[in-house]
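# Report on the structure
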Amino acid sequence: MTTQSPRGLAVVTGASVGIGRATAEALEKAGYAVLSASRRLPTIPPAPTGITTHQLDVTDTDSVTALESAVAEHPVPLTLLVNNAGIPTHAATIADSDITDWRSTYETNVVGAVQMTKALLPHLIANRGHVQFIGSTVGRVPYERGAAYAASKFGLTAMVQTLRLELNGEPVRVTEIAPGMMRGDEAGGEFMRERFHNDEAAIASVYKGVEHPLTPEDIAECVVWCATRPAHVDIDLMEIRPLAQAAQHKVHRTS
Ligand SMILES: NC(=O)c1ccc[n+]([C@@H]2O[C@H](COP(=O)([O-])OP(=O)(O)OC[C@H]3O[C@@H](n4cnc5c(N)ncnc54)[C@H](OP(=O)(O)O)[C@@H]3O)[C@@H](O)[C@H]2O)c1
């Protein structure tokens, strides 16, 4: 560790926008050197000085290997990996769903997180580190027209729980953060725009009358809080919903 980055190096995947970008910024403020990795390199706004950007496609093995080399060469030892990169599936019933969507969702949301974890685990073990995964409340209770996405998040949860069992005895903490209803920006965020093919009316109906959905910054704070507990305190799972969402299908709407 250095005096500028007393908490070590954090890698955040999918950090060009949304939860990943907010998390990279929050971790940098909390004293981490941050390697922010996604397919697009963020240009606007410019990244704070403690954040280095790195091009990464979590589904591409060569790209993951290149990221591991960047971590190995980094002057600050890796202490935190946040597996955040994820894609929604286009809203569709199972009967109408596109098989390509099923494959790409699983490939990114599950296999991508596995590839990253496998590649960086030796560093995390050596540095008594922490690996966090951004799951979803949909990884516990699915909704109609979202089966491929829900299945990927159920799959991610199974992988995370298995990893924790397999790492028992190693000095690595394993955390799943499962956000509920979140609004990335006024237009819903890139995630919702992709899910609903930019159908503004469909996106608006999800949030209609919901006071204060979660924001990416809310989730980023949870990541930082879990990461900054003492080394023996492992937060297994944090489920977060906005106050208006009592359960997946129980949402209070004012209109
Ligand atoms: N939005 C929600 O309502 C919500 C709720 C619960 C959980 N989540 C989960 O939270 C995570 C982040 O969601 P978000 O809403 O912030 O999504 P977002 O705004 O769509 O951002 C997704 C990020 O993942 C990156 N990404 C996608 N595919 C990638 C790949 N193959 N390799 C590397 N990076 C990739 C994207 O960057 P590039 O395109 O530049 O690669 C982007 O930075 C996801 O795992 C999502 O499932 C979201």
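Scroll up to find the structure.
Residues numbered from 1 in each chain as written. Predicted model: local features only at pLDDT ≥ 70, side-chain atom pairs only at ≥ 80, totals over all residues.

## A look at the overall build of the protein
Regarding its fold elements, the protein presents 7 helices and 9 strands. When its C-alpha atoms are laid out on the principal axes, the protein stretches across 50 × 35 × 35 Å. Among the 255 residues that make up the protein, the fraction classed as buried is 42%. The long-range fraction of contacts in the protein, counting pairs at least 24 apart against all pairs at least 6 apart in sequence, stands at 70%. (Helix = DSSP H or I, 4+ residues; strand = E, 2+ residues; numbered from the N terminus. Buried ≥ 20, exposed ≤ 12 C-beta atoms within 10 Å, placed from the backbone. Contact = placed C-beta atoms within 7 Å.)

## A few points about the site of the ligand
Taken together, 30 residues lie near the ligand, and G14, G18, R39, R40 and G86 sit nearest. Among the elements of the structure, α1 (18-29), α3 (99-126) and α5 (190-195) are those that each provide at least two residues to the shell around the ligand. A total of 3 residues in the shell around the ligand trace back to one element, the largest contributor, which is α1. Across the shell around the ligand, the residue classes tally to 12 nonpolar, 14 polar and 4 charged. (Near = placed C-beta within 6 Å. Nonpolar A, V, L, I, M, F, W, Y, C, P; charged D, E, K, R; others polar.)

## Remarks on helix α4 (residues 147-166)
The first and last C-alpha atoms of α4 sit 28 Å apart over 20 residues, in line with the 28 Å expected at 1.5 Å per residue. Burial in α4 covers these residues: A148, Y149, A150, A151, S152, K153, L156 and V160. On the buried face of α4, the contacting elements are α3, β5 (130-134) and β6 (173-179). (Expected span 1.5 Å × (residues − 1).)

## Topic: the nonpolar core
Formed by 50 residues in total, the largest nonpolar core has its most connected members in L9, A10, V11, V12, V34 and I219. If near-sequence neighbours (up to four positions away) are discounted, I219 is found in contact with I19, A22, I177, P179, M182, L214 and I240. With 5 residues, the next largest nonpolar core counts V138, A148, A150 and A151 among its residues. (Core = buried A, V, L, I, M, F, W, Y, C linked by C-beta atoms within 7 Å.)

## Some points on the packing of α1 against helix α7 (residues 216-227)
For any two helices packed against each other, one specifies the inter-axial angle together with the distance between the axes. Contact geometry for α1 and α7: axes closest at 8 Å, N-to-C directions at 50°. By the angle class used here, α1 and α7 are oblique. Relative to α7, the crossing made by α1 is right-handed. Residues G18, I19, A22, T23, A26 and L27 of α1 form the contact with α7, whose participating residues are P216, E217, I219, A220, E221, V223 and V224. Within the contact of α1 with α7, the residues separate by chemical class into 9 nonpolar, 2 polar and 2 charged. (Axes fitted to C-alpha atoms, helices over the stretch in contact; angles between N-to-C directions. Parallel < 35°, antiparallel > 145°, perpendicular 65-115°, else oblique. Left-handed = near helix turned anticlockwise from the far one by under 90°.)

## A few points about the sheet that holds strand β1 (residues 9-13)
Strand order in the open sheet made by the 7 strands is β3-β2-β1-β4-β5-β6-β7, with parallel pairing throughout. This sheet does not close on itself; its edge strands, each paired only once, are β3 (51-55) and β7 (237-240). This sheet shows a mean twist of 15° between the axes of neighbouring strands, independent of strand direction. When strand β2 (residues 33-38) meets β3, the two strands line up parallel, connected through 5 bridges. (Pairing = 2+ DSSP bridges.)

## As for the packing of helix α2 (residues 61-73) against α3
Interaxial distance between α2 and α3 falls to 10 Å at its minimum, and their mutual angle equals 20°. Considering the angle they form, α2 stands roughly parallel to α3. Remark: the crossing between α2 and α3 carries right-handed chirality. Of the residues in α3, those touching α2 at T61, V64, T65, E68 and V71 are Q115, M116, A119, L120 and H123.

## Focus on the environment of P75
Locating P75 in the fold gives a position in the loop between α2 and β4 (78-83). When the 8 C-beta atoms within 10 Å are taken as the criterion, P75 is described as exposed. For the pair P75 and T215, spaced 140 residues apart in sequence, the C-alpha separation works out to 33 Å.

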